[in-house]
Amino acid sequence: MTASTSASPRNPAPTPTIVHVGLGERAYDIVIGHDVLAELGARIAALRPGARTAIVTDQSVAKHWLEPAEAALAAAGVATTRIVTGEGEAVKSYAGLEQVSEALIAAKIERNDLVIALGGGVIGDLTGFAASIVRRGVDFVQVPTTLLAQVDSSVGGKTGINSPHGKNLLGAFHQPVLVIADTQVLDTLSPRQFRAGYAEVVKYGVLGDAKFFAWLEANRAEIVNGGAAREHAIAESCRAKAAIVARDERETGDRALLNLGHTFGHALEAATGFSDRLFHGEGVSIGMVLASELSAELGMIPASDAARVAKHLADSGLPTRLQEIAGFSQEGLADADALMALMAQDKKVKRGRLTFILLKALGQAVIVNDVQPQLVRDFLARKLKA
Ligand code: GLY
């Protein structure tokens, strides 16, 4: 990896941080820094001279960032067209895929051209999937505009849409050719959206880097405020993800570690109808606490480590208990059997056996196949009463 870690998190970093995702012929750079959106056109022109582009974005991102993105392309002489979708998880659907794919075809985007996903995880996943199928595959650039997308979903090539049967059940591995993560664009996020993305940052510490977790405990306020600490947190997260993706692009092994907190989290998102009652990162926060507590119950880590994870997430303003979810007492949420049924639908289930990402130390996650469903059910039933 070519990434630099030398910038002091306290001083503004003068140049972008580049994290390289080492995937051979599918390798690419993640460019992280303040105002790097202004470099979008120059970087695309250098990467793919003469390419035409189409920007896919949603209405609310368009209000803030579409014109700056178009201006950056125009300044470098890169032709572009805009495709603006509706907002929210509902767009990650067959209908959303049809809209974006047809618009790309109508815009005459060809094999050598580039599709640009400008937005959060929904836009990145949907656009990447459309790019993977239009003309049997067009390259794409991720310009993530949420913290969650910058540290997780824009990196690693997972693209897709939801099925009526569940989240992300249709999709493709399609790596971007470039990721531009402008730390400044995060200033237009709501505090709740920012916190939800921060749960994924914490995840990298909990799953693989105890020192990074301790650094986050000490620097959370500065990360929220922006500047070099924010850039450092994003770069460290991207480095952690890049390293895992480089050794297991297709999730046949270690990449599953990135699902820490997601088996519980996806079930909670499904139980709340993938609505604003629970953002993805909030589900991951509660799921990460549950995974830590389950690890402690199984004697894998001390209870004090699980409590430390929960405390940092709670101090960051994230939900850590099931009871904090809006409408907790509604049917399907406060019910261990219903949550178990939802977990059985998740992709992390193999032949009826649950796979969990648990901790054998704070900073060392492990994949545990074959977790006894009854044990998890009883654990959840206790948590629902706690
Ligand atoms: N978000 C998990 C992964 O990219 O594998």
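Right above here is the structure, for reference.
Remember, it's a predicted structure, so these values are computed and weren't measured experimentally. (Residues numbered from 1 in each chain as written. Predicted model: local features only at pLDDT ≥ 70, side-chain atom pairs only at ≥ 80, totals over all residues. Heavy atoms only, no water.)

This brings us to the overall build of the chain. Looking only at helices and strands, the chain has 13 helices and 12 strands in total. Relative to its length of 386 residues, the chain is compact, with a C-alpha radius of gyration of 20 Å against a globular reference of 21 Å. Projected onto the principal axes, the alpha-carbon positions of the chain cover approximately 60 × 45 × 35 Å. Counting every position in the chain, which comprises 386 residues, the buried fraction comes to 56%. Long-range contacts, defined as pairs at least 24 residues apart, comprise 73% of the intrachain contacts of the chain with a sequence gap of at least 6. Counting only carbon and sulfur atoms, one obtains 51% of the accessible surface of the chain, whose full area is about 15,600 Å². (Helix = DSSP H or I, 4+ residues; strand = E, 2+ residues; numbered from the N terminus. Rg over C-alpha atoms; globule rule 2.2 N^0.38 Å. Buried < 20%, exposed > 50% of the residue type's maximum accessible area, 1.4 Å probe, protein only. Contact = heavy atoms within 4.5 Å. Areas by Shrake-Rupley, 256 points an atom, 1.4 Å probe, with all protein chains shown as cover.)

Once that is clear, we can look at the site of the ligand. Close contacts around the ligand come from Asp-152, Lys-158, Lys-241, Glu-251, Arg-255 and Leu-258, and that covers them all. At 2.5 Å from an oxygen atom of the ligand is found a side-chain nitrogen or oxygen belonging to Lys-241. A distance of 2.7 Å separates an oxygen atom of the ligand from a polar side-chain atom of Arg-255. (Near = heavy atom within 4 Å. Polar contact = N/O pair within 3.5 Å; in protein donor to acceptor, adjacent residues only side chain to side chain.)

All right, on to the nonpolar core then. Grouped together as the largest cluster of nonpolar side chains are 101 residues, with contacts concentrated most on Leu-40, Ile-44, Val-141, Leu-216, Phe-264, Met-343 and Leu-380. In this structure, Ile-44 is in contact with Pro-49, Thr-53, Leu-73, Val-78, Leu-114, Ile-116, Val-141 and Leu-178, ignoring residues within four places of it in sequence. Listed in part, the 21 residues of the second largest apolar core include Ala-117, Leu-126, Val-134 and Ile-161. (Core = buried A, V, L, I, M, F, W, Y, C linked by side-chain atoms within 4.5 Å.)

Right, let's get into the environment of Thr-263. Position of Thr-263 relative to the elements: it lies in helix 9 (residues 262-271). On a C-alpha basis, the gap between Thr-263 and Ala-291 in space is 8.9 Å, while along the polypeptide they are 28 residues apart.

The next subject is the packing of aromatic side chains. Going through the model one piece at a time under the given rule, you end up with 3 aromatic pairs. Judged by centre distance (5.0 Å) and plane angle (45 degrees), the ring pair of Phe-264 and Phe-356 falls under tilted. Residue Phe-264 is located in helix 9, and its partner Phe-356 is located in strand 11 (residues 353-361); the two are separated by 92 residues in the primary sequence. For the pair shown, Phe-264 and Phe-356 are each scored as buried. An aromatic cluster of at least three residues, connected via ring pairs, comprises Phe-264, Phe-356 and Phe-379. Lying across the ring of Phe-279, Arg-192 places its NZ or CZ 3.8 Å from the centre. For Lys-203, the ring lying beneath its charged end belongs to Tyr-204, and the centroid distance is 5.2 Å. (Phe/Tyr/Trp six-rings, centres within 6.5 Å; stacked < 30°, edge-to-face > 60°. Lys NZ or Arg CZ within 6 Å of the ring centre and 35° of its normal.)

Time to look at the pairing of strand 6 (residues 139-144). Burial runs high along strand 6: 5 of the 6 residues are buried. As defined by bridge partners, strand 5 (residues 114-119) adjoins strand 6 across 6 bridges and the pair is classed as parallel. Bridge pairing in strand 6 places Gly-119 opposite Pro-144. After leaving strand 5, the chain enters helix 4 (residues 121-133) and then returns to the sheet as strand 6, a path that is right-handed. Bridge analysis of strand 6 against strand 9 (residues 178-182) gives 2 bridges, and the strand direction is parallel. Its bridge partner being in strand 9, Gln-142 is matched across the sheet by Val-179. (Pairing = 2+ DSSP bridges. Right-handed = clockwise from strand over helix to strand, strands pointing away.)

Among the secondary structure elements, Thr-145 is positioned in the loop between strand 6 and helix 5 (147-153). Given the relative accessible area of 6%, Thr-145 is considered buried. Leave out the neighbours within four places in its chain, and Thr-145 touches Val-61, Trp-65, Leu-118, Gly-119, Gly-120, Val-185, Leu-186 and Leu-189.

Right, let's talk about unusual backbone geometry for a bit. For Arg-135, which is not glycine, the phi torsion reads 50 degrees and is therefore positive. Inspection of the secondary structure puts Arg-135 in the loop between helix 4 and strand 6. For Arg-135, a relative accessible area of 35% gives the class partly exposed. In this model, Asn-168 sits at a positive phi of 55 degrees, which is unusual for a non-glycine residue. Residue Asn-168 is classed as partly exposed on the basis of its relative accessible area of 24%.

Before going further, it helps to examine the pattern of salt bridges. In total, this model carries 22 salt bridges according to the counting rule given. Close ionic contact of Arg-52 with Asp-113 constitutes a salt bridge, the shortest N to O distance being 3.7 Å. Of the two residues, Arg-52 is situated in the loop between helix 1 (40-47) and strand 3 (53-58) and Asp-113 in the loop between helix 3 (94-106) and strand 5; the sequence distance between them amounts to 61 residues. Classification of Asp-113 as buried rests on a relative accessible area of 8%. Two residues, Glu-297 and Arg-382, come together in a salt bridge whose shortest N-O distance is 2.4 Å. Of the two residues, Glu-297 is situated in helix 10 (residues 280-297) and Arg-382 in helix 13 (residues 373-385); the sequence distance between them amounts to 85 residues. Residue class for Glu-297 comes out partly exposed when judged on its relative accessible area of 44%. The class of Arg-382 is partly exposed, set by a relative accessible area of 44%. (Salt bridge = Lys/Arg side-chain N within 4 Å of Asp/Glu carboxyl O.)

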